[in-house]
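Geometric and topological summary
Listed below, chain by chain, are the residues.
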Amino acid sequence: PDDSASQTGLDRGQLLEKYQLALNERDKILNQNGQLQHKIAEYFRKKKGADERQEVEKSVTDQEQRYTKCLQALDELEIENDRVQKESELRISEEKEKMEEKKSHVDEMTLQYFEFKKGVAKQAVNSRSGKPLALKDIDQCVMNEKKKEEEVIAVRLENIKLINKLKKREAQLKQKEELADGLHLIDFEQLKIENQTYNEKIEERNEELLKLRKKITTTVQVLTHVKEKLQFVQGENAGQREKLKVVEFEVAKKRDILSRTKQARDALRIDNVKQRKKCGLIGQESLLRDLEVRKDDSESLTTSIENLQRHHMDLLMQVDGVRQKVDAVKVHSM
């Protein structure tokens, strides 16, 4: 790049030197031309006395003919201008109608696209809470994506404008080169610099567009990974819920058995108290034996109740352990 820049500066210096020499030569030629024109004017001034009247009449006739031809050409040009203008207006109107149709079609397709994405998002489930996504969050995501699409469209339009402007500049530069043939070297250098600037802007816009595309691709990949992980965690969560339902059912059965046992114990205790109040036990061997049997039964029931209570506590501890595992799985999935 440094060698090309130095070569460009050298070529420009040589061209400017040649341009200055050409200007000096042009000034000399203009001076000679002025002297020759002065001599020609003196010659025609001397010759004019004899042929003045004839020349004046001929000049007037030529001017009238040229004036008539100019008027005719002007009329033809006005007619041609009107025709071209009408054709242009008609074509512009047709192009505008086509553009409006395409624009409405694009808007409709874009609306359908975002509605489809919104419908898909409504069916998604939050990985943390296990609930469907909030409508507010979905709308926010859709709005952010619309903004990104608008930014991409704006960058594309700016890129197209810059490309068209570059083509226009190149056409103007080519036209100037054809017309001037080296008389506008400074303008050429300036346009070249502007062209380079526009090329840099186009490259920057292309880089920004590429970054946006890469960002969109990365976002889609992350979203796909999150969906797969969500499905896996949902499957594990469903299995743990089934296990929890089984454990809760067993606990409910044990609780029901314990409640019935307590009721029977209380009933027997009340009946025993009533029997003691009704009759004495002294001298009644059968009642004493029955009392002993009842007492043995009561002790057996008490032992059974204690065993059931210990078993109940074991079940409660198992349920707490299962719940802690479920909570740990939920925390791990978050």
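Residues numbered from 1 in each chain as written. Predicted model: local features only at pLDDT ≥ 70, side-chain atom pairs only at ≥ 80, totals over all residues. Heavy atoms only, no water.

**A look at the overall build of the protein**
Secondary structure summary: the protein contains four helices and zero strands in total. Beginning at the N terminus, the succession of helices and strands in the protein can be written as α-α-α-α. Looking at the 334 residues of the protein, the share that counts as buried comes to 9%. Sequence separation of 24 or more characterises 71% of the internal contacts of the protein that already satisfy a separation of 6 or more. (Helix = DSSP H or I, 4+ residues; strand = E, 2+ residues; numbered from the N terminus. Buried < 20%, exposed > 50% of the residue type's maximum accessible area, 1.4 Å probe, protein only. Contact = heavy atoms within 4.5 Å.)

**Some points on a nonpolar patch on the surface**
Where nonpolar side chains cluster on the molecular surface, the patch consists of Y67, L71 and L74 and spans about 300 Å² of accessible area. Looking at the secondary structure, you find L71 in helix α1 (residues 2–122). (Patch = residues over 30% accessible without salt bridge, like charges linked within 9 Å, V, L, I, M, F, W, Y side chains within 5 Å. Areas by Shrake-Rupley, 256 points an atom, 1.4 Å probe, with all protein chains shown as cover. Salt bridge = Lys/Arg side-chain N within 4 Å of Asp/Glu carboxyl O.)

**Observations regarding the pattern of salt bridges**
Following the criterion strictly, the structure yields five salt bridges and no others. Measuring nitrogen to oxygen at the nearest pair gives 3.3 Å for the salt bridge that ties R260 to D256. Highlighted residues: R260 and D256, both in helix α3 (residues 185–278), separated by four residues, approximately one helical turn. Since its relative accessible area comes to 57%, R260 is described here as exposed. Note that R294 is salt-bridged to D271, the shortest N-O span being 3.9 Å. Taken together, the positions of R294 in helix α4 (residues 285–333) and D271 in helix α3 put the pair 23 residues apart, joining distant regions of the chain. In this structure, a network of salt bridges that share partners links the residues E80, R83 and E87.

**Some points on the confidence of the model for the protein**
Mean pLDDT for the protein: 77, with 78% of residues reaching 70 or above. No element of the protein has a lower mean pLDDT than α1, which averages 70, and none a higher one than α3, which averages 85. (pLDDT = per-residue confidence, 0-100.)

**A word on the side chain of T261**
Here T261 lies in helix α3. Of the residues examined, T261 reaches a relative accessible area of 18% and is grouped as buried. Among all residues touching T261, those that are not within four sequence positions of it are I305 and L308.

**Structural notes on the environment of E203**
Relative to the elements of secondary structure, E203 occurs in helix α3. Along the chain, E203 and N159 lie 44 residues apart, while their C-alpha atoms are 9.2 Å from each other.

**Concerning a negative patch on the surface**
A surface patch of like charges, here negative, comprises E200, E203, E204, E207 and E208. Mapped onto the elements, E204 comes out in helix α3. Judged by relative accessible area, which is 43%, E204 ranks as partly exposed. (Lys, Arg positive; Asp, Glu negative; His and termini not counted. Charge placed at Lys NZ, Arg CZ, Asp CG, Glu CD.)

**Concerning the side chain of H312**
With respect to the helices, strands and loops of the structure, H312 is situated in helix α4. A relative accessible area of 16% means that H312 is categorised as buried. Sequence-distant contacts of H312, defined by excluding residues within four places in its chain, comprise R255 and L258.

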